[in-house]
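Here is what each chain is made of, one letter per residue.
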Amino acid sequence: MATDTIELSIGGMTCASCAARIERKLNKLDGVEASVNYATEKARVSYAGDLTPADLVKVVEDTGYTAELPAATTEQPEHDPTRTLRQRLITSAVLSTPVVAFAMVPALQFTYWQWLSLALAGPVVTYAAWPFHKAAWTNLRHGAATMDTLISLGVGSAFLWSLYALFLGTAGTPGMTHGFTFTIERTSGTGNIYLEVAAGVTTFILAGRYFEARSKRRAGAALTALLELGAKDVAVIRDGREVRIPTDELVPGDRFVVRPGEKIATDGVVREGGSAVDASMLTGESVPVEVRPGDPVAGATVNAGGRLVVEATRIGSDTQLAQMARLVEQAQNGKAEVQRLADRISAVFVPIVIALAVGTLGFWLGTGGGAGAAFTAAVAVLIIACPCALGLATPTALLVGTGRGAQLGILIKGPEVLESTRRVDTVVLDKTGTVTTGRMSLVSVHTAEGETEDEVLELAGALEAASEHPIARAIVAAAGEVPQVEDFQNVEGLGVQGVVNAHAVLVGRERLLDDWSVQLGEDLREAKEAAERQGRTAVLVAWDGKARGVLVVADTVKPTSKEAVEGLRRLGLRPVLLTGDNRAAAEAVAAEVGITEVVAEVLPADKVDVVKRLQDEGRVVAMAGDGVNDAAALAQADLGLAMGTGTDVAIEASDLTLVRGDLRAAVDAIRLARRTLTTIKGNLFWAFAYNVAALPLAALGLLNPMIAGGAMALSSVFVVSNSLRLRAFR
């Protein structure tokens, strides 16, 4: 049966359990396989049979969320989705501050303070907390409970009880104050208001949601960054003349010119000229690829050498770059979103609290305790269960942890990153630019008998100074000051030749020397073959009819990489080296840094497959990379680590960014993330522990507002101070 795949934009999700609910509903349909990503707010659905996209949209809408077909979402939304959340947060913070201050500081309690508190708390509980109430209602309709249910329940009951106490109880009388007595005694509760609980909880939890929404918004930026890498305009040959047109006006069969240093506009085949093309962005190969007429080239790669005329073969969404963008998006969509810990706890905690509140009400009414005392005790149970500290538990630890990370050159994207970090057992390291510098440099000089290294370097450097090739630049950098060259000539794909200090000099491949009937001596041939066995590039130097030296050029290992690999092993991680480069070069680098597992000669799409294969073996995979070619694999991995010295696309697709580009920061990042997660879990434990400890008092009707407020304040102070300990992370 033929299946179609569609991507829906989902609206109205407030937590990871919303995504799980939509996924469950879609997967119940015959022939449907759905994956819903809370971070990107997208659902990827494969469906067969008589179903239509409209049917899928209806299922999502019946579940209580919104869904839009791709056609409706091709335009980028003008508005910032975090804007309304920011407005609610600001409103809530401004209005809540005086409400909390009045309740906590008796000196501020003037004659009608309780009524001013009500006027200020009203908009907070209705307008600012609206997303929580709406989500709680949606959850209720589907028989589920999440943190939203708990917040809505606590905020609502605190506010409604305060209204009852103000209008029907004694709390509204002029001159009423909240006394600071820590007595445990039964009260009717009609003189107590809990407006600070309703307002404070709303503000804290909105702040957490706002910071989370901001990091979520960046999830789609990887694709935008990727598609912006291509050339914007191109010089097309029309009627024998060059005409500059926007790249999206190209059609297959058009011939266009690419000058040295320019990006190739789209995928095509070289028709005229020869050059070296730097394709490292797409393939990860550190050595530029030599191309001549008939060779294929990819869009967005850079022409490093001569002038090329290319015939366009694939444009738009068919190009390699567009395919990579799709790979990144699929990897982001397929990434299992870690269920938020607070939601998991709430799913158990909420039903227990509601049952306890109902039980308390029934017990007091059944034992003749009076309706006033019964309702006071039941509402006290709901109020004390509202976790003020829970709203602070994750955001404060994240804020301190991410702040400390930034000081150490580590940028952490969001809370779900930390959960992945704890479980990681395998780390896949891209070679070029991550373990190595990503730049060619001179590794060694071998000379024929009777020649000096300085002279070989000087004459080779003089010729290479006139070339733009990256290998040439490495030789020139090592040679330093060089003499002038005469009769310089670039021999396409073979090397360069010219006259330096009255010597006829050749620098390049063995075929160039063969063309001039220059033979390699046995010692130089050995040096050349040894270099090639290690995957390095051997450049031959000859003058006046004789081979004089071999210059060995390679992408060198970063000085800190060996230490970093040892650090990763100490954390219990298994390192794997992954590269598009040839196996010999990969194994030489792996041996140098102490890695035994090597996967070489892989295409960008295959990098994703390597990560998937490791995941299928039951491993939790971290991936460190720096190039566009790593972006999809970074998004697929359970934890993506991007080198800050790499491309924007890799950084956007990753979970953690290592600003320094030093792999040792990956060791620090994993340690810091694990420590932050431990802190969050400790915070959540204490946030609930205070509430759980006070619940029996509330059920027994022994809870006065001071104890409730005190427990709230104490749990919040504990959570904040526990989070601040992360500042000492070394």
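Residues numbered from 1 in each chain as written. Predicted model: local features only at pLDDT ≥ 70, side-chain atom pairs only at ≥ 80, totals over all residues. Heavy atoms only, no water.

Per an unreviewed UniProt entry, the protein chain goes by the name Carbonate dehydratase and belongs to Lentzea cavernae. Check the Subcellular location (unreviewed entry) section of the UniProt entry for the protein chain; it says "Cell membrane". For the record of the protein chain, the UniProt heading Sequence similarities (unreviewed entry) holds the text "Belongs to the cation transport ATPase (P-type) (TC 3.A.3) family. Type IB subfamily." (UniProt positions renumbered as here; feature names shortened; annotations may be inferred.)

As a further point, take the layout of surface pockets. Here the second largest pocket is characterised by a volume of approximately 850 Å³. Of all the elements in the fold, those that place two or more residues in the lining of the second largest pocket are β9 (275-278), β10 (289-291), α17 (470-479), β17 (485-491), β18 (495-500), β19 (503-508), α19 (522-533) and β20 (537-543). With four residues, the top contributor of residues to the lining of the second largest pocket is β20. Split by residue class, the lining of the second largest pocket holds 19 nonpolar, 13 polar and twelve charged. (1 Å grid on protein atoms, 1.4 Å probe; cavity = no way out; pocket = protein on both sides within 12 Å on 5 of 7 lines; lining within 4 Å. Points joined across faces, edges and corners; volume = space filled by probe spheres on them. Helix = DSSP H or I, 4+ residues; strand = E, 2+ residues; numbered from the N terminus. Nonpolar A, V, L, I, M, F, W, Y, C, P; charged D, E, K, R; others polar.)

Further remarks concern unusual backbone geometry. Phi is positive for Asp239, close to 55 degrees, though the residue is something other than glycine. Take Asp239: it is sitting in the loop between β5 (233-238) and β6 (241-246). Asp239 sits in the exposed class, given a relative accessible area of 80%. If you check the backbone angles, Asp487 has positive phi at about 50 degrees while not being a glycine. (Buried < 20%, exposed > 50% of the residue type's maximum accessible area, 1.4 Å probe, protein only.)

Before going further, it helps to spend a moment on the packing of aromatic side chains. Per the stated rule, a full pass over the model turns up six aromatic pairs. Pairing Trp115 with Phe167 gives two aromatic rings, centres 5.3 Å apart and planes at 75 degrees, and the pair type is edge-to-face. Highlighted residues: Trp115 in helix α4 (residues 113-128) and Phe167 in helix α6 (residues 147-167), separated in sequence by 52 residues. Among the aromatic side chains, those forming a connected cluster through ring pairs are Phe685, Trp686 and Phe718. Sitting over the face of the ring of Tyr127, Arg88 holds its NZ or CZ atom 4.8 Å from the ring centroid. (Phe/Tyr/Trp six-rings, centres within 6.5 Å; stacked < 30°, edge-to-face > 60°. Lys NZ or Arg CZ within 6 Å of the ring centre and 35° of its normal.)

Let us now look at helix α21 (residues 583-593). Buried within α21 are the following residues: Ala585, Ala586, Val589, Ala590 and Val593. Along α21, the residues classed as buried sweep out an arc of 130 degrees about the axis, all on the same side. Where α21 begins, the capping side chain belongs to Asn582, and its oxygen is found 3.3 Å from the backbone nitrogen of Ala584. In the stretch just after α21, Gly594 is the one whose phi turns positive, near 90 degrees. (Arc of directions from axis to C-beta. Polar contact = N/O pair within 3.5 Å; in protein donor to acceptor, adjacent residues only side chain to side chain.)

Before going further, it helps to examine the pairing of strand β1 (residues 4-11). Most of β1 sits out of view: six of its eight residues are buried. With six bridges connecting them, β1 and strand β3 (residues 42-47) associate as antiparallel partners. The partner of Ile6 across the bridge, within β3, is Val45. The sheet contact formed by β1 and strand β4 (residues 66-68) spans three bridges and is antiparallel. When the sheet's bridge partners are listed, Ser9 is paired in β4 with Glu68. (Pairing = 2+ DSSP bridges.)

This part is about the sheet that holds β3. Strand-to-strand pairing in sheets goes through backbone hydrogen bonds, with the strands running parallel or antiparallel. The sheet built from four strands is open, its strands ordered β2-β3-β1-β4 with antiparallel pairing. Edge positions in the sheet fall to β2 (33-37) and β4, since each of these pairs with one other strand and no more. Neighbouring strand axes in the sheet, compared pairwise and without regard to direction, differ in orientation by 25 degrees on average. Contacts from helix α2 (residues 53-62) reach β1, β3 and β4 within the one sheet, and its direction differs from that of β1 by about 30 degrees. (Axes fitted to C-alpha atoms, helices over the stretch in contact; angles between N-to-C directions. Contact = heavy atoms within 4.5 Å.)

A separate point is the pattern of salt bridges. The tally for this structure, following the rule as stated, stands at 27 salt bridges. Residue Lys528 is joined to Glu510 by a salt bridge in which the shortest nitrogen-to-oxygen separation is 3.4 Å. Residue Lys528 is located in helix α19, and its partner Glu510 is located in helix α18 (residues 510-515); the two are separated by 18 residues in the primary sequence. Comparing Lys528 with Glu510 shows no difference in burial state: the two are buried. In this structure, Asp668 and Arg671 form a salt bridge, with 3.4 Å as the shortest nitrogen-oxygen distance. With a gap of three residues between them, Asp668 and Arg671 both fall in helix α25 (residues 664-699), about one helical turn apart. Given the relative accessible area of 22%, Asp668 is considered partly exposed. Several salt bridges converge on common partners, so that one network encompasses Arg574, Glu597, Arg613, Glu617 and Arg619. (Salt bridge = Lys/Arg side-chain N within 4 Å of Asp/Glu carboxyl O.)

Glancing now at the nonpolar core. Across soluble globular proteins, nonpolar side chains have a tendency to be buried as a group. Residues Leu429, Leu577, Leu639, Leu641, Leu656, Leu658 and Leu663 are the most contacted members of the largest nonpolar core, which totals 47 residues. With ten residues, the single largest contributor to this core is α25. Once residues lying within four places of it in the same chain are set aside, the contact partners of Leu656 are Ile410, Leu411, Ile412, Val417, Leu639, Gly640, Leu641, Ala642 and Ala669. By size, the runner-up hydrophobic cluster in this structure holds 36 residues, among which are Leu118, Ala129, Leu166 and Ile193. (Core = buried A, V, L, I, M, F, W, Y, C linked by side-chain atoms within 4.5 Å.)

Our focus in this paragraph is the sheet that holds β17. Strand order in this open sheet of six strands is β16-β21-β20-β19-β18-β17, and the pairing throughout is antiparallel. Where the open sheet ends on each side, the last strands, each with one partner, are β16 (436-447) and β17. Recorded for the sheet is a direction-independent mean angle of 20 degrees between the axes of neighbouring strands. Bridging between β16 and strand β21 (residues 546-557) involves eight bridges; their strand directions are antiparallel. When the bridges of β21 are listed, His446 appears paired with Val550.

UniProt's feature table lists "transmembrane region" (unreviewed entry) at residues 89-106, 112-130, 150-173, 193-211, 345-365, 371-394, 684-700 and 706-724, given in the numbering used throughout. Across residues 89-106 one finds 89% helix and 0% strand; the C-alpha atoms that close the span lie 27 Å apart. Each end of residues 193-211 is marked by a C-alpha atom, and these two atoms are 30 Å apart; helix forms 89% of the span and strand 0%.

Together, Met104, Val105 and Leu108 make up an exposed nonpolar region whose accessible area comes to about 210 Å². Its relative accessible area of 30% is what places Met104 among the partly exposed residues. (Patch = residues over 30% accessible without salt bridge, like charges linked within 9 Å, V, L, I, M, F, W, Y side chains within 5 Å. Areas by Shrake-Rupley, 256 points an atom, 1.4 Å probe, with all protein chains shown as cover.)

Here we take up the pairing of β18. With five of its six residues buried, β18 lies for the most part within the structure. With five bridges joining them, β17 and β18 adopt antiparallel strand pairing. From the neighbouring strand, Asn490 faces β18, where its bridge partner is Val496. Joining the antiparallel neighbours β17 and β18 is a turn of three residues, in which Gly493 adopts a positive phi near 75 degrees. Pairing between β18 and β19: six bridges, direction antiparallel. Bridge pairing links Gly495 to Gly508 in β19. Count of turn residues in the β18/β19 antiparallel hairpin: two residues, of which Asn501 carries a positive phi of about 50 degrees.

Positionally, Ser157 belongs in helix α6. Of note is the side chain of Ser157, whose polar atom sits 3.2 Å from the backbone oxygen of Gly154. Ignoring anything within four residues of it in the chain, the contact list for Ser157 reads Val379, Leu382 and Ile383.

Two numbers describe how helix α5 (residues 130-141) lies on α6: the axes approach to 8 Å, and their chain directions differ by 120 degrees. Taken as axis vectors, α5 and α6 run oblique relative to one another. Judged by the sense of rotation from one axis to the other, the crossing of α5 with α6 is left-handed. The segment α5 lies against α6, with Phe132, His133, Ala135, Ala136 and Asn139 engaging Asp148, Thr149, Ile151, Ser152 and Val155. Considered class by class, the residues forming the contact of α5 with α6 number five nonpolar, four polar and one charged. (Parallel < 35°, antiparallel > 145°, perpendicular 65-115°, else oblique. Left-handed = near helix turned anticlockwise from the far one by under 90°.)

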